[in-house]
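# Structure at a glance
Here is how the chains run, residue by residue.
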Amino acid sequence: MASGSDHELVQTPSVNFSKKQHVSGHRSTTTEVKVAIVTFAADRRRSGFERSVVERADVLIAWYFHAHAKLRFQPDRMIDGVSLSPQEFECLEWSSRGKSIADIGIILGISRRTAAFQLNNVRAKLGVRTICQAVARLVAANSRR
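The text that follows walks through the structure, step by step, so that each part is easy to find. Counting restarts for each chain: residues are numbered from 1 in the order of the written sequence. A pLDDT threshold of at least 70 governs which residues receive local features in this predicted model, and a stricter bar of 80 or more applies before side-chain atom pairs are shown or counted, although totals over entire chains, interfaces and linings include all residues. The side-chain quantities take in all heavy atoms of the structure and omit both hydrogens and water.

### Here's the deal with the nonpolar core
Residues I79, L84, L92, V122, L126 and A134 are the most contacted members of the largest nonpolar core, which totals 17 residues. Labels follow the DSSP assignment, with helices taken as runs of H or I lasting at least four residues and strands as runs of E lasting at least two, numbered in each case from the N terminus. When contributions to this core are tallied by element, the ones reaching two or more residues are α3 (86-96), α5 (112-126) and α6 (131-144). Contacts are assigned to residue pairs that have any heavy atoms within 4.5 Å of one another. Leave out the neighbours within four places in its chain, and A134 touches L92, V122, L126 and V128. Note on terminology: a nonpolar core comprises buried Ala, Val, Leu, Ile, Met, Phe, Trp, Tyr and Cys residues joined through side-chain atoms within 4.5 Å. Exposure is judged per residue with a 1.4 Å probe applied to protein chains only, and the accessible area is read against the type maximum: over 50% gives exposed, under 20% gives buried, and values in between give partly exposed.

Here it is as structure tokens:
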């Protein structure tokens, strides 16, 4: 910053944190995530905007961190930006392995009707007409990971 300037740049550093993922039967993988925190610039020293940011910085940073941590650390049940419940995702995975609705119910210890209900929810959430289309979306999403 040049001396005598009325401009002030307020910067905050970035933060690194790691996520270790364990998958049964596979070795664990570690993903490092870098989160950049907001940088503000103002024409005047201690502008009203800057004062409000500084006064509420802890809340803003906490909100930002938790919002992104929640997205990064939730189990990978996202398919094309759509979040599935654990049971919906599990039913879809079994369906992708060729299991029928009756088989899925037996495997998961739920009724056939509940398995069908979960798969219908998956179809509705993904905006597809058939379970085959939903499975295709799952396979495509897994290949991008």
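### Thoughts on the packing of α5 against α6
When two helices pack together, their arrangement is given by the angle between their axes and by how far apart the axes lie. Look at α5 against α6: their axes get within 10 Å of each other, and the N-to-C directions meet at 65°. The orientation of α5 relative to α6 falls into the category roughly perpendicular. Once α5 is placed against α6, the crossing between them reads as left-handed. Touching L119, V122, R123 and L126 of α5 are I131, A134 and R137, all from α6. Residues are grouped as follows: nonpolar covers Ala, Val, Leu, Ile, Met, Phe, Trp, Tyr, Cys and Pro; charged covers Asp, Glu, Lys and Arg; every other residue, Gly included, is treated as polar. Taken together, the residues of the contact of α5 with α6 sort by class into 5 nonpolar, no polar and 2 charged. A fitted line through C-alpha atoms serves as each axis, taken over the contacting stretch for helices, and the angle formed by two N-to-C directions is quoted from 0 to 180°. Between 65 and 115 degrees an angle is taken as roughly perpendicular, under 35 as roughly parallel, over 145 as roughly antiparallel, and anywhere else as oblique. Crossings are assigned a handedness: left-handed for a near helix turned anticlockwise from the far helix by less than a right angle, right-handed for a clockwise turn.

### Some remarks on unusual backbone geometry
Look at D80: it is not a glycine, yet its phi comes out positive at around 50°. Inspection of the secondary structure puts D80 in the loop between β5 (78-79) and β6 (82-83). D80 gets classed as partly exposed once you look at its relative accessible area, which sits at 39%.

### Considering the packing of α3 against α6
Two elements in contact, α3 and α6, have axes separated by 10 Å at closest approach and are oriented at 95°. By the angle between their axes, α3 is roughly perpendicular relative to α6. Side by side, α3 and α6 meet where F89, L92, E93, S95 and S96 of the first sit next to I131, A134, V135 and L138 of the second. Split by residue class, the contact of α3 with α6 holds 6 nonpolar, 2 polar and 1 charged.

### A short note on the side chain of E88
Locating E88 in the fold gives a position in helix α3. Residue classification places E88 among the buried residues on the basis of a relative accessible area of 4%. Of the polar contacts made by the side chain of E88, one reaches the side chain of N121; its length is 3.5 Å. Aside from chain neighbours lying at most four places away, what touches E88 is Q118, N121, V122 and K125. Think of a polar contact as two N or O atoms within 3.5 Å of one another; within protein, one of them needs to be a possible hydrogen donor and the other a possible acceptor, and neighboring residues in sequence only count if both atoms come from side chains.

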